[in-house]
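Summary of structural features
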Amino acid sequence: MTADESSIPIVDFSRWAKASSEEKKEIAKELTDACISVGFVYIVNHGVSDEMLDEAFGWSQKFFALPEEKKMLAPHPAGPNVHRGYSWPGLEKVSQYIHKDEDGDADAKDEELRKIGDVKESYEIGSDECTNQPNVWIPEEVLPGFRPFMTDFYWQCYGTAQELLRALAIGIGLGDPDFLLKFHDGHNNQLRLLHYPPVEAEKLASDSIARMPAHTDWGSITMLFQDDCGGLQVEHPRKPGVFMNAPTVRNAICMNVGDLLMRWSNDYLKSTLHRVTSPPLSGKTADGKSMTRARYSIPYFVSPNPDALIECLPACTNTQNPVKYGPVVQEDYRRMRAKLQYPEKQNMPGAAKTVSVA
Ligand code: CA
């Protein structure tokens, strides 16, 4: 089915910093309306400079071009609780399945879902002050300058995230523009470098391998930076199961609402399913197989503080609209969602049974 590519709204933030409170309300309304109707929105002139973004993608390419044994000097720790360091192709399995007690043998279900590996590698970075998830840095001598740049970039992204959270608070009508910000000190966010290597197009199309299957994000908001490869698709707001291409808008933030903010807002803001699928083809190999292009993307996941109690925002409930969800502590929610994505025991690279990266 053809998708309407124009249906993800674009919001221009260039006026935001100097806007009067009336103008702020207008921009905030545009942003919030997009989160209500689609759950996805492009933000241009957001404050993270083009130079910085070019540099971030340059570092990401340098990192993933390192030999495997160098990347493995900063391995993702075993188990689902710490999400930092390098994840090799096939380690992570993104899934929308959430454990429920009545489902019985959850581990068997996990195992079944893992059979189709996701062909991607990633490197996760957090705040150095986040004690429950310590960073796993690549040694400075392996990639001199990487750590200071990424630390700076992490906090630049947080600066923009603060303004987006202010705009959402105004747009939702929370009264205090800092209402949401008070729950987000920035130390619980996550910067993720992602590399989807070129793969055989046929294998992607036949689902024997996947780039990133349909999922929603867990946190408050996700700010995605992406190269011009393409492949991101977003579920149509009014046609369940139909995915629209999200065109690449140079240096824009593709922002989406996460499940926790949807829950917080009593489903007023929408957390929308999205996936990464086949991008345009980039030619053929010697044996005639069509190859997809590599894709690089950098999502920045914004989450409330670990001890934040997420309970229905006062502006999002009234007598017609009763509270749908009980309160939940962020850290408990995160652990519940992380359990499926990373196995308790992990295979080392090369030992992954299901995935081979062409
Ligand atoms: Ca996502």
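Computed from a prediction, not measured in an experiment: that's the story for all the values here.

As a further point, take helix α5 (residues 146-172). With 27 residues, α5 ought to run about 39 Å at 1.5 Å a step, and its terminal C-alpha atoms sit 38 Å apart, in line with that. With its phi angle positive at about 90 degrees, G173 sits one or two positions after the end of α5.

On to the coordination of the calcium ion, then. Octahedral six-donor coordination of a metal ideally yields angles of 90 or 180 degrees, compared with 109.5 degrees for tetrahedral four-donor coordination. Within the first shell, the calcium ion binds the protein through H215 (NE2), D217 (OD), D217 (OD) and H274 (NE2), at distances of 2.3 to 3.0 Å. A relative accessible area of 6% places D217 in the buried class.

On to helix α1 (residues 21-37), then. Between its first and last C-alpha, α1 extends 24 Å over 17 residues, near the 24 Å set by a 1.5 Å rise per residue. Tucked inside the fold, the buried residues of α1 contact β1 (10-12), β2 (40-44), α5 and β10 (253-257). Of the residues one or two after α1, G39 is the one with positive phi, at around 85 degrees.

This next bit is on the nonpolar core. Y123, F146, M150, F153 and M255 are the most contacted members of the largest nonpolar core, which totals 71 residues. At 14 residues, the largest contribution of residues to this core is made by α5. In this structure, F40, M212, C254 and V276 belong to the second largest nonpolar core, which totals 16 residues.

Scanning the entire structure with this criterion turns up 13 salt bridges. A salt bridge links E121 to K71, with the nearest nitrogen and oxygen atoms 3.0 Å apart. You can see E121 sitting in strand β4 (residues 121-125) and its partner K71 sitting in helix α3 (residues 68-71), a full 50 residues away along the chain. K71 matches E121 in its accessibility class, with the two residues each being buried. Members of the salt-bridge network, linked through shared partners, are E163, R166 and D178.

Basis of the calculations
Residues numbered from 1 in each chain as written. Predicted model: local features only at pLDDT ≥ 70, side-chain atom pairs only at ≥ 80, totals over all residues. Heavy atoms only, no water. Helix = DSSP H or I, 4+ residues; strand = E, 2+ residues; numbered from the N terminus. Expected span 1.5 Å × (residues − 1). Donors = N, O, S within 2.8 Å, 3.2 Å for Na, K, Ca; no water. Buried < 20%, exposed > 50% of the residue type's maximum accessible area, 1.4 Å probe, protein only. Contact = heavy atoms within 4.5 Å. Core = buried A, V, L, I, M, F, W, Y, C linked by side-chain atoms within 4.5 Å. Salt bridge = Lys/Arg side-chain N within 4 Å of Asp/Glu carboxyl O.

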